[in-house]
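One-letter residues, chain by chain:
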Amino acid sequence: MPEQKQDTKPRVLSGMRPTGKLHLGNYMGALANWVKLQDTGLYECYFFVADLHALTTDYADTSGIEPNTLEVALDFLSAGLDPALTSIFVQSKVKQHFELPMYLGMITPLGWLERVPTYKEMIENLTNRDLANFGFLGYPVLMASDILLYQPKFVPVGQDQQAHVELTREIARRFNHFYRLEDKDVLPEPQVLLTPSPKLPGTDGRKMSKSYGNTIMITDPEAEVRKKLKGMVTDPARVRRTDPGDPDKCPVGDLHKVFSSAETLAKVYEGCRTAGIGCIECKGWAADALVQVLNPIQERRASFTSKQVEEILQDGNTRAAARAEQTMEEVRAAMKLVPMPVRG
Ligand code: SF4
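So, here's what we can say about the structure. (Residues numbered from 1 in each chain as written. Predicted model: local features only at pLDDT ≥ 70, side-chain atom pairs only at ≥ 80, totals over all residues. Heavy atoms only, no water.)

1. Here's the deal with the layout of surface pockets
Piece 1. Looking at the second largest pocket, its volume works out to about 480 Å³.
Piece 2. Lining the second largest pocket are 19 residues; nearest its centre among them are Pro101, Phe134, Gly135, Gly138 and Leu142.
Piece 3. Elements supplying a minimum of two residues to the lining of the second largest pocket: helix H2 (51-58), helix H4 (96-107), helix H5 (110-114), helix H7 (134-137) and helix H8 (139-148).
Piece 4. Per-element accounting of the lining of the second largest pocket gives the leading share, 6 residues, to H4.
Piece 5. Looking at the lining of the second largest pocket, its residues break down into 13 nonpolar, 6 polar and no charged. (1 Å grid on protein atoms, 1.4 Å probe; cavity = no way out; pocket = protein on both sides within 12 Å on 5 of 7 lines; lining within 4 Å. Points joined across faces, edges and corners; volume = space filled by probe spheres on them. Helix = DSSP H or I, 4+ residues; strand = E, 2+ residues; numbered from the N terminus. Nonpolar A, V, L, I, M, F, W, Y, C, P; charged D, E, K, R; others polar.)

2. Considerations on the pairing of strand E2 (residues 44-49)
Across a regular strand the side chains alternate sides, sitting on one face of the sheet and then on the other.
Piece 1. A large share of E2 lies buried, amounting to 6 of its 6 residues.
Piece 2. Here E2 shows a buried face lined by Glu44, Tyr46 and Phe48 and a second buried face lined by Cys45, Phe47 and Val49.
Piece 3. Alignment of strand E1 (residues 11-16) against E2, held across 6 bridges, turns out to be parallel. Its bridge partner lying in E2, Gly15 is registered against Phe48.
Piece 4. The parallel pair E1 and E2 is bridged by helix H1 (residues 24-40), and the resulting crossover is right-handed.
Piece 5. Inspection of the sheet shows E2 paired to strand E3 (residues 86-90) by 5 bridges, in the parallel sense. Its bridge partner being in E3, Cys45 is matched across the sheet by Thr86. (Buried < 20%, exposed > 50% of the residue type's maximum accessible area, 1.4 Å probe, protein only. Pairing = 2+ DSSP bridges. Right-handed = clockwise from strand over helix to strand, strands pointing away.)

3. A few points about the side chain of Gln151
Piece 1. With respect to the helices and strands, the residue Gln151 is situated in the loop between H8 and strand E4 (154-157).
Piece 2. Engagement of the side chain of Gln151 in a polar contact is seen with the side chain of Arg323, the distance being 3.2 Å.
Piece 3. A distance of 3.4 Å separates the side chain of Gln151 from the side chain of Glu330, its partner in a polar contact.
Piece 4. Setting aside anything within four residues of it in sequence, one finds Gln151 in contact with Arg11, Val186, Pro188, Arg323, Thr327 and Glu330. (Polar contact = N/O pair within 3.5 Å; in protein donor to acceptor, adjacent residues only side chain to side chain. Contact = heavy atoms within 4.5 Å.)

4. Observations regarding empty space enclosed by the protein
Which parts of space are left empty comes out when a probe the size of a water molecule is rolled across the atoms.
Piece 1. Using the criterion set out here, one finds 1 cavity of 30 Å³ or more in the structure.
Piece 2. Forming the walls of the largest cavity are 15 residues, and the residues nearest its centre are Arg238, Cys250, Cys272, Cys279 and Cys282.
Piece 3. When contributions to the lining of the largest cavity are tallied by element, the ones reaching two or more residues are helix H11 (251-259), helix H12 (262-273) and helix H13 (279-303).
Piece 4. In terms of residues, the lining of the largest cavity owes the most to one element, H13, which gives 3 residues.
Piece 5. Broken down by class, the residue content of the lining of the largest cavity amounts to 8 nonpolar, 4 polar and 3 charged.

Function cannot be read off these values alone, since they describe shape.
Structure below.
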């Protein structure tokens, strides 16, 4: 197993729920950015599979959680996360993720949890599940603990997750107000590192999402990518080949903006607006660009055995636990929960 150098660089931490194989939207919205952060060499990086979070909604059928955890870990590695540079771990295998939520849960007012925007939204949307339970209401405390255990300077998240980091900061502030250790803040407030998330439409033009069935998966073979692109919706104004169109009103145009070279993009604008190219040709170029991004990811994916993934996770779990324990020692001491000699 490669040795990771422990250093004093600012820490960065983020996680992802194991919801099965990832699509291009997941990749561009999080993973690609994590890899960029790792590759700058400026940060000590921790990225984890949030399997305990899956339990908050999937508690009635847990059969998918373990296989999906391994799939997502494999996706992390395929995208270019490097275990020599980054600690990749599984949340439930680092026991400190069970302890800190208990302590933080004691100090978090109920009202803070009830006003989390995604709480009501998910209860309304996931109507096939009973989410009126302690675990689901408390998941922002779990998330705050996941973050604060590593005392990271930055948490890279998309806009939709900003409220969670803000709540994490509030919980940290409240903890630091109640408990101090040699007059220092035990749980420093992390900052949001906003992940640029480009507009990435699915094949039907709506946001790419598994629930819409419009995804391009990062494991899709080339033929499948080309087939999906062929069926993709285009600018509705281009009914006939001779009608000019506008890439700014076309989901295929959006894909070009994310994945194609400046040269191809210029050809798309020119050809589309003058009806000089057909949509089939244009979609072929978009597919070429996608395949170029996906090929190295898929090659890396094929190069890992399950055993290697498990070993990488075990190593990441150990490294994460060592870091988390440093925080927990301070937390317990500040809360005066350190083991005491029993007086007779
Ligand atoms: S030419 Fe390309 S950008 Fe223009 S409408 Fe067709 S697919 Fe969309």
